[in-house]
Amino acid sequence: LDRMRGDDHLHAPLYMRLQRAIEEALASGSMAPGEALPSERDLANLTDVSRVTVRKAVRDLVERGVLVQRQGSGTFVAPRVERVEQQLSRLTSFSEDMARRGLTSRSVWLDRGVYPALPSEVMALGLRGDEKVARLSRLRIAGDTPLAIERAVISATILPAPRDVLSSLYAVLDQTGHRPVRAVQRIAAVNLGEEDARLLGVVTGSASLSIERISYLASGRAIELTRSIYRGDAYDFVAELSWGA
Ligand code: 16G
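Only a predicted model underlies this, so the values are computations on that prediction, with no experimental measurement involved.

Chemist: Any chance you could explain the pairing of strand E9 (residues 222–231) here in plain terms?
Modeler: For E9, the buried fraction is high: seven of the 10 residues fall into the buried class. Relative to E9, strand E8 (residues 207–216) is paired through nine bridges, and the arrangement is antiparallel. When the bridges of E9 are listed, isoleucine 214 appears paired with leucine 225. Hairpin connection, E8 to E9: the antiparallel pair is bridged by five residues, and glycine 220 has positive phi, about 100°.

Chemist: It is not clear to me how the site of the ligand should be interpreted in this structure. Could you clarify?
Modeler: The environment of the ligand is made up of 14 residues, and the closest members are Ser93, Ser95, Leu169, Tyr170 and Thr226. Of all the elements in the fold, those that place two or more residues in the shell around the ligand are helix H4 (94–100), strand E6 (145–155), helix H6 (169–175), E8 and E9.

Chemist: Would you mind showing me how to read helix H1 (residues 14–27) here?
Modeler: Here H1 contains 14 residues, and its C-alpha end-to-end distance of 20 Å stays within 8% of the 20 Å for a straight helix at 1.5 Å per residue. Among the residues of H1, those classed as buried are Tyr15, Leu18, Gln19, Ala21, Ile22, Leu26 and Ala27. Check the buried side of H1 and you find it contacts helix H2 (40–47), helix H3 (51–63), strand E2 (74–77) and helix H7 (194–200).

Chemist: What am I meant to see in the domain arrangement of the chain here?
Modeler: Often, the extent of an interface is quoted as the loss of accessible area upon association of its parts. Here the domain parsing of the chain yields domain 1 (2–77) and domain 2 (84–238). Here domain 1 and domain 2 have C-alpha centroids that lie 29 Å from each other. If you look at the interface, domain 1 gives eight residues, while domain 2 gives 12 residues. Per-element accounting of the side of domain 1 that touches domain 2 gives the leading share, three residues, to H1. For the side of domain 1 that touches domain 2, the residue count by class is four nonpolar, two polar and two charged.

Chemist: Just to check I follow, could you spell out the packing of H1 against H3 for this structure?
Modeler: For the pair H1 and H3, interaxial distance at closest approach is 8 Å and the crossing angle is 55°. Relative to H3, the element H1 lies oblique. In this structure, the crossing between H1 and H3 has a hand that is right-handed. In this structure, H1 uses Leu14, Tyr15, Leu18, Gln19 and Ile22 to contact H3, whose residues at the interface are Thr53, Val54, Lys56, Ala57, Asp60 and Leu61.

Cut-offs applied
- Residues numbered from 1 in each chain as written.
- Predicted model: local features only at pLDDT ≥ 70, side-chain atom pairs only at ≥ 80, totals over all residues.
- Buried ≥ 20, exposed ≤ 12 C-beta atoms within 10 Å, placed from the backbone.
- Helix = DSSP H or I, 4+ residues; strand = E, 2+ residues; numbered from the N terminus.
- Pairing = 2+ DSSP bridges.
- Near = placed C-beta within 6 Å.
- Expected span 1.5 Å × (residues − 1).
- Contact = placed C-beta atoms within 7 Å.
- Domains from an automatic or database assignment.
- Nonpolar A, V, L, I, M, F, W, Y, C, P; charged D, E, K, R; others polar.
- Axes fitted to C-alpha atoms, helices over the stretch in contact; angles between N-to-C directions.
- Parallel < 35°, antiparallel > 145°, perpendicular 65-115°, else oblique.
- Left-handed = near helix turned anticlockwise from the far one by under 90°.

Here it is as structure tokens:
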């Protein structure tokens, strides 16, 4: 963390620089899951910033699930996650999956706006060339743990106001009669890049699963193209197989 001291060439606000320094300590493996953070006072002394600034940096990292605070005992790097089992045959949403496990889920929004569609999105969703799309990118947190980064693309004719999605996308689609009933999902192994690792609070290069879902309405119309990054240390995907026709 003391590397922060000399970084005067960086013009980011101090609390952000402190956040970065903590995230980098995590990404490089020099701070392990469950490890205690130095006290607020020690952090302030170590990095030459005020305790107010330390508090703000820590509060934001707690909000994103990177750190956890326990009443009376201090602040810790989020503990290693318990693996969750995810059925591959059911078309459910993140909120529903977590609710079924008795976990609350929330999102930290990275982007939520309407944009011109990229050619790959026009193809995947069968759009007209000039159609716009709603992009919803977010970090998905269950309980206290960031589990996935999700980047959903929906035709803007179906979702003209992406800011109406406060937590569950599928709940909003359901309300407007656009709940998908079928999906094709592609899963591939990837190593996390620096930015995604930082958001998920894990070491850069960690194993993860890249999941692309295209989902469809009963009419056959493609409605959603979502690319997600799921932590490899958190998920077991389970599918039931049967033999014969
Ligand atoms: C799931 C879906 C994602 C969908 C989201 C909606 C996978 C790989 N992805 O995470 O495609 O957009 O649920 O969740 O399962 P929500 O209704 O809670 O916003």
